[in-house]
Amino acid sequence: MSGETTNTSSPGADVVRQTMEVDIACVGFGPATGGFLTTLSRAWAENPADPAFESKVAPGMPLQVVCYERADDIAAGVSGVVTRAQGIRASFPELNPAEIPMAAEVTGERVLYLLDPVGASRRSFTLRAADRALRAVAPVAGVRDHAFELPWTPGFLNKHGGLVMSIGQFNQWVGSQLMASGLVQIWPGTPVSEPLFEPIAAGRAVRGVRLTDQGVDKKGNPEGGFMPGMDVRALLTVVGDGPVGSVSQSIDRELGTPRGYTHDEWALGMKFVIELPEDAVADSPLKPGTVWHTFGYPEPEIFGFLYVHPERLVSVGIFVPSWMTDPSRTAYRYLQHYIQHPALWRYLKDGTLRSWGAKSIDESGKVGEPFLTGDGYARIGENSGSTNMLTGSGVDEAWTTGTQLGEAAIELLRKGLPFTQKNLTETYVTKRRASWVERGAREAQNARNGFHNGIVKGMIGMALAGLTGGRLSLKAPRHVTGIKAARVEETLKRKEAAALAVEDGRPFHDALLSARGWPEIPFDGRLLVSHQDALLMGGKVQAMPGFADHVVFPDAGLCIACDEKTCIAMCSGQAITLADDGAPTFEREKCVHCGACLWNCAPSPHGEHGNIEFHAGAGGLHSAEN
Amino acid sequence: MESILVLTHADETGAALTKASLEAVSAGIELAGRIGASVSIGIVAVDAQAAGAAVASSGARLLGVFGEPFGQARYSTDAAACEALCRAAQATIVLAPGSSRFTRVAAGVSHRLGGFIDTHITALGGTANIEASRWFYRQRIEAVLSRDARPWFLLLDSGTHAAFAGEATPAQVEQVAVQLPLIRTTVSGLRAPTQGAQTIRPDAKLLFVAGAGWTKKQPDGQTHVPEAADLILGFLRGAGASLGSSKSLVDQGSEGQSVLPFLTHLNQIGQTGATPRHPKGLATCCHGEEPHVVGWRFIGERRAVSLDANCGWTRGKADVVYVADAFQVMAKLNALIGSVGA
Amino acid sequence: MQTALHIVVCAGIVPDPLQTLEPITTPAGPGLKNEMVLPAVLDPWAASALYEAAVLAAKAPGSKVWLVSLGPKAKLQQVMMTVAQKVAFELAPIDGPIGGFPDAHATAAVLAETIAKLPGLDRERLLLFGGWESATRGAGVTLQLVGERLGITDQFQGVDQVNLRDDGSFEVLERVEGGKHQVSVCAGAPAVLGWATGNLAEPRNNPQVGMANMRTIMPALQKAPAVKLEANGLSYISVALPKQQRTTRVVKDMSPDEIAAELAAWIGAE
């Protein structure tokens, strides 16, 4: 079903857009949408003749279900994860990890507190004192390689029985089965720019999505080969576009958010996939399924992880959180220092960097839960507030919210009921509220409170919430996150670094950390490589021509006046750089779509909606081993 | 005993063998000596007698097809000619230059003879068995292979063997009759690209590689594309260099960005472009690692001007990397070679 | 009035050329490490052939484009999710090994057999398209061999441009030495054209084209016949990454004047 309509709502031009009618349009192909589509296509496959699955827009045909994904490939998901896989195993009871490349059963877990072997870490007086005490009793306490292993793994972190996976490979595995089912079409390389709103008696409904214009210049002006993005009209729009998705942003902006909603806790996860040497250290504990959680280094606020996949592959990475209020936030250089910590370097040092990636993680949890449904749409996955920051788990939760919406949609189809807010709430939201996802979210709700007052309080608060199932937590007020004004000497160092970045073409984040006393990285061309080289390794950054820049700085004056320029330091791909006039400039060809700039805009008072807009864009990291 | 046939063809004069053909001849003679095989040379030319003079001193048996139809590179006539020469020589091993002319037909000819072909051969080793070296995955993986089946056709990459340089003497070329097929294709000639000077010219001593950095924003926040174009063209003129480019720079053309107007895909080196074999290469504003850098894997001496000392394009790949702004260096360099050249 | 064309594009799938590649030995011979995990794309040269085919077909009403592709079924499906959005075609998939190391003659035999059996194909109108080389084997011979097997003796390689004429004949520009093009005129189909990069930009992703293609692509993939390729006496003695690593002198503290002087001397030296 298709046709053409003249649309005059776009600013500046009368654009003739193609339109297409489908039953269900999904935005973003990640674990949440994977769960939704798997549930739906399975029910259809059981009985394709079931009239419930007849298309309303193309009578006589099966349900018309499409899913649009920005990345060039559905395997381009950027995440190595460890998950309890409770929801995933519920969907695939016979799941054999060997069928999914890079997947392994969790075989062992450790939690390590990492001391600072370098002396550059920003540690408080209290923490330094504690470190000294720990070092003093090192032989008794079992401190080895500047790391102290917790005698047990707290239950809330425990992933025993779960899986170590590559999300890229998991997505691909799920996507292949979905495509082969014949009900679902998944289209990579197709960003969605916005939802289609339509006035109804009760306000506004979502009636599908508009795909992004192609054949435009950086600013979005039509040029050779202009192809206006198609309007895909749908009876149900499934919004699973992740933490920085443009459709999610638009719905929140246009249709509002619940009272008390804050969307202000974030972290940037950045990781390397490293191939261990064939002649690994004899006593190496890095067997497939091994999981390490670390904290304390390279900065007290930075948590780290190491997951071992089959075939000597290791995912190792860090989370740089938004509550690290230092304006010198960055990730790549920190990650290089992290892997060189003696407790990790002992096993990693002769390895080879195979790929690299980064993504923002929405850590707001329950308080960042938007309206889950509206007329014509439902929200699933990370942007629906499903990530549990107490257990550090998001994939399984996202998947499960997708399956819940899938079951809800089947129920409504079978009853012949429309996808109204009321009907979706009574089905999807009811299922979600009654599930382990919701229970976990409530337990985790206040688990991070203490971190706003420092790492020690934060750990205490987290332990308290974790060990009491959320019944107890620190009553510390939830701070607005953001970046504290820097001390005078800090400011001077930043200026020095900025000068280096402009004059020598040196990456800003790199110059910053050197100015702060971190040792230079001994590049070896194999595992320790420049940030630019990493962009070209294993996971290459790609940007198909003909799309507009998806990162935009609306007010250049505000950027020039900004002292912190955290967007530049935090940019995972060095896609944002500093120009002579002090304004940031954006290069689409280097952007990995991590979305860190969106919540690292220093002029923003709330950690979001600053002077950076993050639109839908095509491309990003094209990597297999992520 | 193997019977080696070296297929050769004439240049545009119709009466002299191409350099690549002479390279195949020396490869054939060397191989025949090593494995103890007989060797013949097959000549495709309007005047095979004249063309054969250059290889008469080789001592090989000379076979030729004669006539106007062989003055043009065309599948139907060339395939018929090569097939006839192979049959006449009863060859078990057929060596030929990997020229555009033979690359077009050799596979088809191997099939007609019930044989097999391998192309882009860079070295022929082995004594008991012939071991052929070639690259896979765009010059990223090197393999040595062998075949039991015969006849076995091997197309040699140009520049991998020295050209046969015997004294030219009148040749005795046995004329081989060819059953000409119906000719449905006429060759109207050669067309040089409009930007004649700026293509990859194998005869140049230096390959100048321009990377995408030339069109990116410079430290002042602006792009300087016209200035970049002047510097590059000025250098090509002054140094007589051949121009290669990275894929990312060539690709910008279809993106509607301001881009260097004289670059086309014919200039592209690397993963989906050429892998030229110039004695010297100078890379500027290039960045990348393994997949891109294959573009200058076969360049002799390599130097680079780059702002990033740790760049994968240069580290371990170039002999010298100058950490500097290419705009400044090239302006000075042009001034120097301009004055030398004047 | 243009004559309707029947264009068959032979296109392999290859690991995304930007990926890190490493050879390994498998029981079936050499292969790539993680071959099934690496993201795959349509071979870049064959992709230009496909886009050119679509443009030519659009100029001649009644024309049809087939895409014949040999590769592991799961990988083909993955690649089609992107390619199907570009231009309209009918897919003839063959479920077989991926990679550069199988013998080209065996590949050609399978392709020719598949093409000969394509329903509705008029061999007199056939233009056989493909890349002049591939990003895997890079041999540049498969298309010629398929052509020979189908009895086509007008063949062109390194094609950058084809100009169709009203009488069914066409002018071809083929890349030859020295950065030049050889210009030929062929009386018409059947012919083989191995494409270089051509002059077309990659088409935009068009969801409607994708939807229409997928209706035939998915059923075709389900029915893709599985093949085994013959070795044809081909054996590998070694397969390895090159070890050449140069010692790079890094010059950091020279002025542009000094660098220019050093470079000028180097360029001038024999």
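On a predicted model such as this, the values are computed, not experimentally measured, just so you know.

Caption draft 1: Here's a closer look at the overall build of chain C. Counting its regular elements, chain C contains 6 helices and 14 strands. In chain C, which comprises 270 residues, the proportion classed as buried is 63%. Looking at chain C alone, contacts between residues at least 24 apart form 74% of all its contacts between residues at least 6 apart. Carbon and sulfur atoms make up 54% of the accessible area of chain C, which totals about 9800 Å². In chain C, the 22 positive side-chain charges and the 27 negative ones have mean positions that sit 8 Å from each other.

Caption draft 2: Seen up close, the domain arrangement of chain B. All names here are of chain B. Here chain B is described as being made up of domain 1 (3–175) and domain 2 (196–341). On a C-alpha basis, the centroid separation for the pair domain 1 and domain 2 is 35 Å. Taken residue by residue, the interface counts 9 residues in domain 1 and 11 residues in domain 2. A combined buried area of about 760 Å² lies between domain 1 and domain 2, and 47% of that area is made up of carbon and sulfur atoms.

Caption draft 3: Molecular detail of the side chain of His 181 of chain C. Turning to its location among the elements, His 181 of chain C is positioned in strand E11 (residues 180–186). You can call His 181 of chain C buried: its relative accessible area is 11%. Polar contacts involving the side chain of His 181 of chain C include one to the side chain of Asp 160 of chain C, which spans 2.8 Å. Excluding residues that lie within four positions of it along the chain, His 181 of chain C makes contacts with Gly 189, Leu 190, Arg 191 and Leu 266 of chain B together with Asp 160, Leu 173, Glu 174, Arg 175 and Val 176 of chain C.

Caption draft 4: Broad picture of the sheet that holds strand E4 (residues 80–83) of chain A. Residues and elements named next belong to chain A. As summarised here, the arrangement of the 3 strands in space is E4-E8-E5, forming an open sheet in which the pairing is antiparallel. The open sheet has two edge strands with one neighbour each: E4 and strand E5 (104–105). Relative to strand E8 (residues 163–166), E4 runs antiparallel, the two sharing 4 bridges. By the bridge assignment for E8, Val 82 is matched with Val 164.

Caption draft 5: Geometry of the pairing of strand E14 (residues 301–306) of chain B. Residues and elements named next belong to chain B. By the criterion of burial, E14 is predominantly enclosed, with 5 of the 6 residues buried. Where strand E13 (residues 280–284) meets E14, 5 bridges bridge the pair, whose relative direction is parallel. Of the residues in E14, the one forming a bridge with Thr 284 is Val 305. Looking at chain direction, E14 and strand E15 (residues 320–323) are connected through 4 bridges and run parallel. Paired with Ala 304 across the bridge in E15 is Val 321.

Caption draft 6: Structural detail: the nonpolar core. In this structure, Phe 36 of chain A together with Leu 193 of chain C are the most contacted members of the largest nonpolar core, which totals 115 residues. With sequence-adjacent residues up to four places away left out, Phe 36 of chain A is seen in contact with Ile 24, Cys 26, Leu 236, Val 238, Ile 380, Gly 402, Thr 403, Leu 405, Gly 406 and Ala 409 of chain A. Of all hydrophobic cores here, the second largest spans 70 residues; its members include Phe 272, Leu 335, Leu 527 and Ile 576 of chain A.

Caption draft 7: A look at helix H14 (residues 508–515) of chain A. Counting buried positions along H14 of chain A yields 8 of 8 residues, so the element is predominantly enclosed. When we look at burial in H14 of chain A, the residues that qualify are Phe 508, His 509, Asp 510, Ala 511, Leu 512, Leu 513, Ser 514 and Ala 515 of chain A.

Caption draft 8: The arrangement of the packing of aromatic side chains in detail. Under the criterion given, the structure shown has 20 aromatic pairs over all chains. Geometrically, the ring pair formed by Phe 305 of chain A and Tyr 307 of chain A is stacked, given 4.7 Å between the ring centres and 25° between the ring planes. Classification of Phe 305 of chain A by relative accessible area gives buried; the value is 5%. An aromatic cluster is defined as three or more aromatic residues linked by ring pairs; in this entry it consists of Phe 92, Phe 170, Trp 173 and Trp 399 of chain A. Of note, Arg 110 of chain A hangs over the ring of Trp 292 of chain A, and the distance from its end group to the ring centre comes to 4.7 Å. The ring of Phe 136 of chain B is capped by Arg 134 of chain B, whose NZ or CZ atom sits 4.6 Å from the centre of that ring.

Caption draft 9: Local environment of the interface of chain B and chain C. Of the residues lining the interface, 83 residues belong to chain B; the matching set on chain C comes to 91 residues. Buried surface at the junction of chain B and chain C, both sides included, amounts to about 7500 Å², of which 56% is carbon and sulfur. Looking only at chain B, the three residues that lose the most surface to chain C are Tyr 137, Arg 184 and Arg 191 of chain B, adding up to 11% of its buried area. Joining chain B to chain C, the criterion identifies 7 salt bridges. A salt bridge links Asp 257 of chain C to Lys 332 of chain B; the nearest nitrogen and oxygen atoms lie 3.7 Å apart. Taken together, the connections running from chain B to chain C amount to 39 residue pairs in polar contact (both at pLDDT 80 or more). The residue makeup of the side of chain B that touches chain C, split by class, is 35 nonpolar, 26 polar and 22 charged.

Caption draft 10: Examining the environment of Asp 524 of chain A more closely. All names here are of chain A. Residue position: Asp 524 is located in the loop between H14 and helix H15 (531–534). Looking at Asp 524, the relative accessible area reads 32%, which means it is partly exposed. A distance of 2.8 Å separates the side chain of Asp 524 from the backbone nitrogen of Leu 528, its partner in a polar contact.

Caption draft 11: Just unusual backbone geometry, in detail. The omega angle of the peptide bond from Tyr 297 of chain A to Pro 298 of chain A is 10°, so this bond is cis rather than trans. Looking at the secondary structure, you find Pro 298 of chain A in the loop between strand E16 (290–295) and strand E17 (303–308). Note that the residue after Ala 189 of chain C, namely Pro 190 of chain C, is joined by a cis bond; omega there is -5°. When you line up the elements, Pro 190 of chain C lands in the loop between E11 and strand E12 (191–195). Its identity as a non-glycine residue notwithstanding, His 146 of chain A has a phi of 60°, on the positive side. For His 146 of chain A, the position within the fold is in the loop between helix H4 (138–141) and strand E7 (147–149). One non-glycine residue, His 120 of chain B, adopts positive backbone phi at about 55°. In this structure, His 120 of chain B sits in strand E5 (residues 116–125).

Caption draft 12: Inspection of the packing of helix H9 (residues 395–415) of chain A against helix H10 (residues 421–433) of chain A at higher detail. Residues and elements named next belong to chain A. For the pair H9 and H10, interaxial distance at closest approach is 9 Å and the crossing angle is 145°. For the crossing formed where H9 meets H10, the hand is right-handed. Side by side, H9 and H10 meet where Thr 401, Gln 404, Leu 405, Glu 407, Ala 408, Glu 411 and Leu 412 of the first sit next to Asn 423, Leu 424, Thr 427, Tyr 428, Lys 431 and Arg 432 of the second. Its residues assigned to classes, the contact of H9 with H10 comprises 5 nonpolar, 4 polar and 4 charged.

Caption draft 13: Quick look at the packing of helix H1 (residues 31–46) of chain A against H9 of chain A. All names here are of chain A. Packing of H1 against H9 brings their axes to within 6 Å, and their N-to-C directions diverge by 35°. Of the two elements, H1 crosses H9, and the hand of that crossing is right-handed. The class makeup of the residues in the contact of H1 with H9 is 12 nonpolar, 8 polar and 2 charged.

Caption draft 14: Highlighting the environment of Leu 535 of chain A. All names here are of chain A. Assignment of secondary structure puts Leu 535 in the loop between H15 and strand E22 (540–542). Leu 535 sits in the buried class, given a relative accessible area of 5%. When the C-alpha positions of Leu 535 and Cys 591 are compared, they lie 9.4 Å apart, and in sequence the two are 56 residues distant.

Rules of the game
- Residues numbered from 1 in each chain as written.
- Chains lettered and ligands numbered in written order.
- Predicted model: local features only at pLDDT ≥ 70, side-chain atom pairs only at ≥ 80, totals over all residues.
- Heavy atoms only, no water.
- Helix = DSSP H or I, 4+ residues; strand = E, 2+ residues; numbered from the N terminus.
- Buried < 20%, exposed > 50% of the residue type's maximum accessible area, 1.4 Å probe, protein only.
- Contact = heavy atoms within 4.5 Å.
- Areas by Shrake-Rupley, 256 points an atom, 1.4 Å probe, with all protein chains shown as cover.
- Lys, Arg positive; Asp, Glu negative; His and termini not counted.
- Charge placed at Lys NZ, Arg CZ, Asp CG, Glu CD.
- Domains from an automatic or database assignment.
- Buried area = accessible area lost by both parts, 1.4 Å probe.
- Polar contact = N/O pair within 3.5 Å; in protein donor to acceptor, adjacent residues only side chain to side chain.
- Pairing = 2+ DSSP bridges.
- Core = buried A, V, L, I, M, F, W, Y, C linked by side-chain atoms within 4.5 Å.
- Phe/Tyr/Trp six-rings, centres within 6.5 Å; stacked < 30°, edge-to-face > 60°.
- Lys NZ or Arg CZ within 6 Å of the ring centre and 35° of its normal.
- Salt bridge = Lys/Arg side-chain N within 4 Å of Asp/Glu carboxyl O.
- Nonpolar A, V, L, I, M, F, W, Y, C, P; charged D, E, K, R; others polar.
- Axes fitted to C-alpha atoms, helices over the stretch in contact; angles between N-to-C directions.
- Left-handed = near helix turned anticlockwise from the far one by under 90°.

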